[in-house]
Amino acid sequence: MIVTTGDKTSPHIRERARKMAETFGHRFVERRRCTLAALRNRYGDDEFVVFRNNDVRYTKLGVTELIYHPSMAYVRIKRLLAGEGDTMIAASRAQPGDEVLDCTAGLGSDALVFSHVVGEAGRVTALESEQALFTLLHEGLLLYESSIESVNEAMRRIVLKQADHVEWLRGLPDRSVDLVYFDPMFREPVKESASIDPLRALANPGAVKPEAIREACRVARKTVVMKELRGSEEFGRLGFERIVHTGTKLAYGVIDIAGNNVAN
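Parameters at a glance
Residues numbered from 1 in each chain as written. Predicted model: local features only at pLDDT ≥ 70, side-chain atom pairs only at ≥ 80, totals over all residues. Heavy atoms only, no water. Buried < 20%, exposed > 50% of the residue type's maximum accessible area, 1.4 Å probe, protein only. Helix = DSSP H or I, 4+ residues; strand = E, 2+ residues; numbered from the N terminus. Arc of directions from axis to C-beta. Contact = heavy atoms within 4.5 Å. Pairing = 2+ DSSP bridges. Axes fitted to C-alpha atoms, helices over the stretch in contact; angles between N-to-C directions. Salt bridge = Lys/Arg side-chain N within 4 Å of Asp/Glu carboxyl O. Phe/Tyr/Trp six-rings, centres within 6.5 Å; stacked < 30°, edge-to-face > 60°. Left-handed = near helix turned anticlockwise from the far one by under 90°. Nonpolar A, V, L, I, M, F, W, Y, C, P; charged D, E, K, R; others polar.

**Q** Please give an account of helix α10 (residues 210-219) that cites residues and values.
**A** A212, I213, E215, A216 and V219 are the residues of α10 that are buried. For α10, the arc enclosing every buried residue in end-on projection is 165°, short of the 170-degree limit, so these residues lie on one face. Taken together, the buried residues of α10 touch α8 (165-170), β9 (177-182), β10 (220-229), α11 (234-238) and β12 (250-256).

**Q** Can you break down the pairing of β10 residue by residue, with the values?
**A** For β10, the buried fraction is high: 9 of the 10 residues fall into the buried class. Sheet topology note: the β10/β12 ladder contains 7 bridges and is antiparallel. Paired with T223 across the two strands is D256, which belongs to β12.

**Q** Describe the sheet that holds strand β5 (residues 64-67), and please don't skip the residues or the numbers.
**A** On the basis of which strands lie adjacent, the open sheet formed by 5 strands has the order β2-β1-β3-β4-β5 and mixed pairing. For this open sheet the edge positions go to β2 (27-28) and β5, each flanked by a neighbour on one side alone. Summarising the sheet, strand β4 (residues 56-60) and β5 pair through 4 bridges and their orientation is antiparallel. Note on β5: the bridge partner recorded for K60 is T64.

**Q** Quick rundown of the sheet that holds strand β11 (residues 242-245)? Include the residues and the values.
**A** Strand order in this open sheet of 7 strands is β8-β7-β6-β9-β10-β12-β11, and the pairing throughout is mixed. Of all the strands in the sheet, just β8 (159-162) and β11 have a single pairing partner and so form its edges. Between one strand axis and the next, the sheet turns through 20° on average, direction left out of account. Each of β6 (99-102), β7 (123-128), β9 and β10 is contacted by helix α5 (residues 109-118), which is oriented at about 170° to β7, the strand it contacts most. Where α10 meets the sheet, its contacts fall on β9, β10 and β12, and the angle it forms with β10 comes to roughly 145°.

**Q** How would you sum up the pattern of salt bridges? Please name residues and give values.
**A** Opposite charge on two side chains permits them to pair, given that their charged atoms come into close proximity. Applying the stated criterion across every chain, the model contains 20 salt bridges. Here R57 makes a salt bridge to D55, at a shortest N to O gap of 3.4 Å. Considered together, R57 and D55 belong to a single accessibility category, that of buried residues. Note that E145 is salt-bridged to R156, the shortest N-O span being 3.0 Å. You can see E145 sitting in the loop between α6 (131-143) and α7 (149-157) and its partner R156 sitting in helix α7, a full 11 residues away along the chain.

**Q** Give me the packing of aromatic side chains: which residues, what numbers.
**A** All told, the structure shown has 4 aromatic pairs when counted by the stated rule. Ring geometry for Y68 against Y144: centres 5.9 Å apart, planes inclined by 75°, an arrangement best described as edge-to-face. Taken together, the residues span a long stretch of sequence, with Y68 in the loop between β5 and α3 (72-81) and Y144 in the loop between α6 and α7 at a distance of 76 residues. The exposure classification of Y68 matches that of Y144, with both residues buried. Ring plane angle 80° and centroid distance 6.3 Å describe the contact between F235 and F240, whose orientation is recorded as edge-to-face.

**Q** Please provide a residue-by-residue account of the packing of helix α1 (residues 11-24) against α6, values included.
**A** Axis separation between α1 and α6 bottoms out at 12 Å; the angle between their running directions is 140°. The way α1 lies across α6 gives a crossing that is right-handed. On the side of α1, the interface is formed by I13, R16, M20 and F24, while α6 contributes F134, T135, H138, E139, L142 and L143. Tallied by class, residues from the contact of α1 with α6 come to 6 nonpolar, 2 polar and 2 charged.

**Q** Give me the pairing of β9: which residues, what numbers.
**A** Counted residue by residue, β9 has 6 buried out of 6 residues, so it is predominantly covered. Sheet analysis places β6 next to β9, joined by 3 bridges and oriented parallel. Within β9, the residue paired with V100 across the bridge is L179. As paired strands, β9 and β10 are joined by 5 bridges and run parallel to one another. Bridged to L179 within β10 is T223.

Keep in mind these values describe shape, not function.
Structure representation (structure tokens):
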């Protein structure tokens, strides 16, 4: 993977890109007005992380391009600030001070909403197994500036780790976090959601394993939650006890730990 910068990038951002490349073992290349295709031909690598003054993006030439943005998390947090509800938060029973483990970070949208809700007294650890997504999210969470300071603070508080979630869960003590969350790539893509296609090209395509749910139930104090499509057979396959529907095609499967069942 090549790390580079856009034209007219500030010295601060250029140095940030250089340090990121050094930290994660990538090649840093000065752009010097070269096209990405020219850099690919010169270095034999078609994967790029490009830092610009206002954003950071991942590009695999001829395959996909993805820019970090808080996306719907920004809208959801604005609604929470206005006193409206959020189905994920209601289903998980997340509250200020909770410790959350997001096992499938992706672009961090749900982790960001959790981080806002649990606040400074809480903690959100987000796991991403795929290097390209991890790198993009790591830098995006540090560099992106929204117009709402509480959103920026929530982004900076997320603890991001590149890890396989089953292995990570195995290493945690019993009842060591309040809730464990899964948002895997859906088994059946939502055809209307073309915006998710670039993410699907980079994300881990594997289904959640029963072992992951068993470990999550051992680790969680309150709930284990998974987002999927309404009617998905994954909820039954993995043993989720209740289903909370949203106003869209999505639903949340919930396992309430220690018999603390909550009616739908």
